[in-house]
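Each chain, letter by letter, is given below.
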Amino acid sequence: MSELLLLAALLIFLMSMIFLRLEIAFAIGITGVIWVLIAGEPLTVVASRSFSGMNSFTLLAIPFFILAGELMNKVGISDTLIKIANMSLGRMRGGLAQANIGSSMLFAGISGSAIADVAALGTVFVPRMSEEGFDRDFAAAVTAASSVIGPIIPPSNNLIVYGAVTGVSIGGLFAGAIIPGILLGVTLMVMVYIFSYWEEYPKYKPTTEEENYPKLVGEGVVAITMPVIIIYGIIGGFFTVTEAAAVACAYAILLGIFLQTLSISDLYSALYDSLDITAQIFTMIGFSLILAWMLARRNFPTIFGQFIQDLGVGQVGFLLLIATLLLFIGTWLSITATIIMLAPTLDQLATALGIHELQFGVIMVLALGYGLITPPLGVSLFAVSSVGDVKVWPVAKRVIPFYICFLIVLLLVILIPELTLYLPRSWGLA
Amino acid sequence: MTLSETKTQLADNYMKFADLVEKVIRNFTQVLGFILVVWVTTMVITRHGFEYVPVWGLEISAFLMVWIVFLLIGPLVYTDNHLQIKVFFNKIPMPFQYYFRMIQLSGIFVLGAILLEYGVGYAVNSGLNSVSPGLGIYLFWAYLVIPISGCLIMFFTVARAIAITRDKTEMEPKEFADDSELNRLEDNV
Amino acid sequence: TDLIAGEDDEAGETGLDGGTLDELPEISATIGYDAAESRTAESHVAAVAFQEYVEDATDGQFDIELASGGSLGSDSEMAEQIQDGTLELQSGASEGHLGPFYPNFNVYAIPFIFESVELATHVLDHEYGERLFEDFRESTGMRIIGHWDNGGFRSFSFNQEVTSMEDFEGLDIRMQEIESHNELVRQLGANPTPIDWGETYTALDQGVVDGHDNAIPTMLMGDIHEVQEFILMSQHFYSAGHMLCGDDWYQDLEPLYQSLVREASTFASLEARRQTAAIRETGREYMEEQGVEVYDPSEEFLEELRNATQDPVEDIIREEVEDESWVDDLYDAVEESRVQLAEEELS
Ligand code: NA
Ligand code: NA
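Residues numbered from 1 in each chain as written. Chains lettered and ligands numbered in written order. Predicted model: local features only at pLDDT ≥ 70, side-chain atom pairs only at ≥ 80, totals over all residues. Heavy atoms only, no water.

Confidence along chain B averages 85 in pLDDT terms, with 90% of residues attaining 70 or more. Per-element averaging of pLDDT across chain B places helix α6 (residues 179-185) of chain B at the bottom with 42 and helix α5 (residues 145-166) of chain B at the top with 95. (pLDDT = per-residue confidence, 0-100. Helix = DSSP H or I, 4+ residues; strand = E, 2+ residues; numbered from the N terminus.)

Residue-level contacts link 71 residues of chain A with 65 residues of chain B. Carbon and sulfur atoms make up 73% of the surface buried where chain A meets chain B, a total of about 6,200 Å² over both sides. Put simply, chain A and chain B have three salt bridges between them. One salt bridge connects A:R21 with B:D80, and the closest N-O pair in it is separated by 2.7 Å. Looking at the side of chain A that touches chain B element by element, the count peaks at 16 residues for helix α13 (residues 264-297) of chain A. (Contact = heavy atoms within 4.5 Å. Buried area = accessible area lost by both parts, 1.4 Å probe. Salt bridge = Lys/Arg side-chain N within 4 Å of Asp/Glu carboxyl O.)

Let's shift gears to the interface of chain C and chain A. Taken together, the 23 residues of chain C in the interface contact 27 residues of chain A. Between chain C and chain A, roughly 2,000 Å² of surface is buried when both sides are summed, and carbon and sulfur atoms account for 45% of that area. Three residues, C:T86, C:E199 and C:Q206, lead the burial of chain C against chain A; their summed loss comes to 30% of the area buried on that side. One can count two salt bridges joining chain C with chain A. Looking at the side of chain C that touches chain A, the elements that each hand over two or more residues are β2 (62-67), α3 (75-83) and α8 (197-206) of chain C. Ranked by residue count, the leading element in the side of chain C that touches chain A is α8(C), at five residues.

Attention now goes to the pattern of salt bridges. This structure, assessed with the given rule, holds 33 salt bridges over all chains. Notably, a salt bridge pairs A:R49 with C:E77, separated by 2.6 Å at the nearest N-O pair. Of this pair, A:R49 sits in helix α3 (residues 44-54) while C:E77 sits in helix α3, each in a different chain. Its relative accessible area of 3% is what places A:R49 among the buried residues. The residue B:E22 makes a salt bridge to B:R26 at a minimum N-O spacing of 3.3 Å. Within this pair, B:E22 and its partner B:R26 are both found in helix α1 (residues 3-49), separated by four residues, close to a single helical turn. Residue B:R26 is classed as buried on the basis of its relative accessible area of 5%. What emerges from the salt-bridge pattern is a single network uniting A:E3, A:E41, A:R297, A:R298 and C:E88. (Buried < 20%, exposed > 50% of the residue type's maximum accessible area, 1.4 Å probe, protein only.)

Residues and elements named next belong to chain B. As recorded in UniProt, the feature "transmembrane region" (unreviewed entry) lies at residues 31-50, 56-78, 98-120 and 140-163. Along residues 31-50 the backbone is 95% helical and 0% strand, and the end-to-end C-alpha distance reaches 26 Å. With 96% helix and 0% strand, residues 140-163 has its two end C-alpha atoms placed 35 Å apart. (UniProt positions renumbered as here; feature names shortened; annotations may be inferred.)

What follows concerns α3(C). All names here are of chain C. Of all nine residues making up α3, eight are buried, and the element is well covered by its neighbours. The complete set of buried residues in α3 reads D75, E77, M78, A79, E80, Q81, I82 and Q83. Positive phi appears at G85, one or two residues downstream of α3, with a value of about 85°.

All names here are of chain A. Only N100 (O), N100 (OD1), S104 (OG) and S146 (OG) from the protein coordinate the sodium ion (ligand 2), and they sit 2.1 to 3.0 Å from it. Here the donor residues for the sodium ion (ligand 2) map to a single chain with the spacing N-x3-S-x41-S. Taken together, the residues S104 in helix α6 (residues 95-108) and S146 in helix α8 (residues 136-147) connect sequence positions 42 residues apart. (Donors = N, O, S within 2.8 Å, 3.2 Å for Na, K, Ca; no water.)

Across all of its chains, the model carries 39 aromatic pairs over all chains by this definition. Aromatic pair B:Y14 and B:F155: ring centres 5.1 Å apart, planes at 35°, arrangement tilted. With B:Y14 in helix α1 and B:F155 in helix α5, this residue pair connects regions lying 141 residues apart in the sequence. Ring centres 6.4 Å apart and planes at 20° place the aromatic pair C:Y108 and C:Y238 in the stacked group. In this pair, C:Y108 is assigned in the loop between α4 (95-98) and α5 (117-125) and C:Y238 in strand β8 (residues 230-246), connecting sequence segments 130 residues apart. The two residues C:Y108 and C:Y238 agree in class, both being buried. Every member of this aromatic cluster is reached through a ring pair, and the members are C:Y102, C:F105, C:Y108, C:F114, C:F133, C:F136, C:F153 and C:Y238. (Phe/Tyr/Trp six-rings, centres within 6.5 Å; stacked < 30°, edge-to-face > 60°.)

Attention now goes to the nonpolar core. With 282 residues, the main nonpolar core has A:F360, A:Y370, A:F402, C:F114, C:F156 and C:F168 as its most contacted residues. In this structure A:F360 touches A:Y162, A:F318, A:L319, A:I322, A:L346, A:D347, A:A350 and A:I355, once residues within four positions along its chain are discounted. Counting residues in each nonpolar core, the second largest holds 30 residues, with C:L24, C:A29, C:L89 and C:A268 among its members. (Core = buried A, V, L, I, M, F, W, Y, C linked by side-chain atoms within 4.5 Å.)

A water-sized probe, rolled over the atoms, reveals where empty space remains. All names here are of chain A. By the definition in use, this model includes five cavities of 30 Å³ or more. Empty space within the largest cavity amounts to approximately 70 Å³. Together, P154, G171, F174, A175, I178, I231, I234, I235, W427 and L429 line the largest cavity. For the lining of the largest cavity, the secondary structure elements donating two or more residues are α10 (170-199) and α11 (213-235). In terms of residue count, the dominant contributor to the lining of the largest cavity is α10 (four residues). Its residues assigned to classes, the lining of the largest cavity comprises nine nonpolar, one polar and no charged. (1 Å grid on protein atoms, 1.4 Å probe; cavity = no way out; pocket = protein on both sides within 12 Å on 5 of 7 lines; lining within 4 Å. Points joined across faces, edges and corners; volume = space filled by probe spheres on them. Nonpolar A, V, L, I, M, F, W, Y, C, P; charged D, E, K, R; others polar.)

Here the focus is the packing of helix α5 (residues 77-88) of chain A against α6(A). Residue and element names in this part refer to chain A. One can describe the packing of α5 onto α6 by two numbers: an axis separation of 8 Å at closest approach and a directional angle of 135°. Overall, the two elements α5 and α6 adopt an arrangement that is oblique. For the pair α5 and α6, the sense of crossing is right-handed. On the side of α5, the interface is formed by S78, L81, I82, I84, A85 and N86, while α6 contributes L96, A99, G102, S103, L106 and F107. Broken down by class, the residue content of the contact of α5 with α6 amounts to eight nonpolar, four polar and no charged. (Axes fitted to C-alpha atoms, helices over the stretch in contact; angles between N-to-C directions. Parallel < 35°, antiparallel > 145°, perpendicular 65-115°, else oblique. Left-handed = near helix turned anticlockwise from the far one by under 90°.)

Looking now at the pairing of strand β6 (residues 191-194) of chain C. Residue and element names in this part refer to chain C. Burial along β6 is two-sided: the residues N191 and T193 and P192 and P194 are all buried. Inspection of the sheet shows strand β5 (residues 172-175) paired to β6 by four bridges, in the parallel sense. Bridged to R174 within β6 is T193. Handedness of the crossover joining β5 and β6 through helix α7 (residues 179-187) is recorded here as right-handed. (Pairing = 2+ DSSP bridges. Right-handed = clockwise from strand over helix to strand, strands pointing away.)

In structure tokens, the structure reads:
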């Protein structure tokens, strides 16, 4: 019992430190050190566990996919994706809004993160949409909402971190997240269609210059090749997930050289940014292993497992409970940090209840992703408010209907395991 | 020179040195990072083209990454780039912000000291007692980065403390529109 | 004393009914292991047997906690923790995990040196094994208190038929990052390919590599049968699981607890061996039911495999061990055990 009280006290300490802006990685590390000291364990574990947490070949996919995303931006692929979306989806009612969502889905295939999406697409779409008569808050809301798709459709840094800290197959997680990701996009498009009909938003009219189809098709092929290389390369057995990420970087660099759009300084700054972010993530993973080690050493996995068994809520009950918890936590904490801290334990509990590890992983990443658009801390809301020059709260209000749709998608993914398991199974990844 | 002048000058020199060290580490890790990308891609190519991958191929990639990360932990404290939540903190009145921050930096400093002392112990006791299966080198060479990282964390924490002591606005949030700030948040995804 | 086969004289003297237990302190220790809490995983079976034995004998006064699923770290990392006293006990560390700490464990990797699991455990239970483990203790500060076969021998799995030497030509085979293992595959004309175990299932399924090697129970645990067509029962490397504790920790125990640890680990080893013996058989049957062809190579083919690999791999091992006598002595010990086992069979 006193052990549980200690754990609760440490948790409160950890949370208050994080909210008092102590770097999340150090909040995790210092809490771990305190526990080690209280328990009288040797401090060597601080050194050995943090090293071990970072020492993983699979984790290498993270810097590579971030780098690939950054490079593709610099090379100019994002512009092409936007053009493709405009020319196709743009002709529907509420054209630019649809194109906005479509671009996010295409973009999701090369980038592992949501903020890159908002930064790249928000600057283009929010001003253009308001010029064409869309409500500016609505434009920003669509941009923010569609950014949630990016980290679900593979490649996804969150899924890589999830796979790395739990040992679940990353290829399998990628495959499992495709249908839920597309489902998010489609639901969003339907909602936007309804709104556009209501508010009589315009269709997109391409300029004559844009209607240079041969050039567009050529650029389109080049842009789409990257996600195809990644997905087909993994499923077709040419390389592992980590290698796919490295190949994606190499492809982007070669493309940049070929199209003469990538300078040495671009390469330098892309590498700089990706190492920067990677170091942040890895530091959290490393230090969190100290806590994980203490949990195992104090026999908490068994205690938690027993607790869940005693609750007797069953699979769906457990998933609903956890999803609610994650929706709440995702509002306050970084997704990566939450995955790093909670995924290993939750994954064990879920599989002990007979829930498929791929389904659970996708649910966890999905639920946490909604935190991106939940006020007051939703990062995508902030990002879009800054790149689109709008206020956070009015945008948040316009996001509500989309958020409700997303909740329905989450519910479907919880109730229908096939949504996550069909593709991994048919590709032999589960 | 008065005492306060000497102090100012010492601090000046410390900050200049910190800038220099940060730059050196950034450049060094950039080079390592570039090698890493090239290396992993090369492994894919040699496996398909020449049906050969050295037995230590995976291991050296993972070690390179660990070195990069451990070296960057300190510089990220200095440039305030670690992921952190500032929203609530910014609501605290100014002098308290400063005190909180100084207490936190002391905590980080202690963590650095632990990594230094126990990192040395770990590198020597465990690292010299086992070799890495792939490369066949003493794990000491991989673990060595832990105490180095501890040193750098302590060094840069002091630099950070000097920076916010001299200019309290250093703690305030920068303009969100700044592109680098967005990049910083990127991992929040 | 003999680790398993011999009788334990000290335990007989102290006994557990002597009433001394009450005077001893309450203590607690953790066994770490990489396997999940599954009845089919021998390192879990061993850990549970150890726990039950110790806790029953002391009525819970000597408390044993289990830390499964690698929650304390990988096998090599747990061995490090044993070494520096952060962890008390470990179950299931293989020779591959211990080799980095003690190069003489590379002798296990002489291919085709034992023709049966009984022979291998016999060698390690007797004089050669005792000497090796004692030398290991002196050199690393870790004490081996039990061992069992890690599911028998490593054999090859493939996504195609491999029934002759020529069939190996040009295949990409996922191997552990161990030089002698890689050399074996090279000598067969195939390409050793290092793939993280976490990515191996996918790599085999997608054809990134054509095959890999592992013991049958390990393949089962990794669901390898789902993605492979063919298993060649080459049985090339013997693979063992060891139960370890820190020597300092052990030396600091009360004599009564020490003897209890020895008895419990002997019991645990026997339980683990029983488990692997069962699963070696049922595992094979199960895989065949699942449509995997499990192929026993002919005597001639085996001979070819041995001739092609044993000497070159042994050369590498001779370079790796501290003293080549460990290799020579192993051949002698195998011969001796062979004779003894044959005699036991007769009587
Ligand atoms: Na993505
Ligand atoms: Na969008």
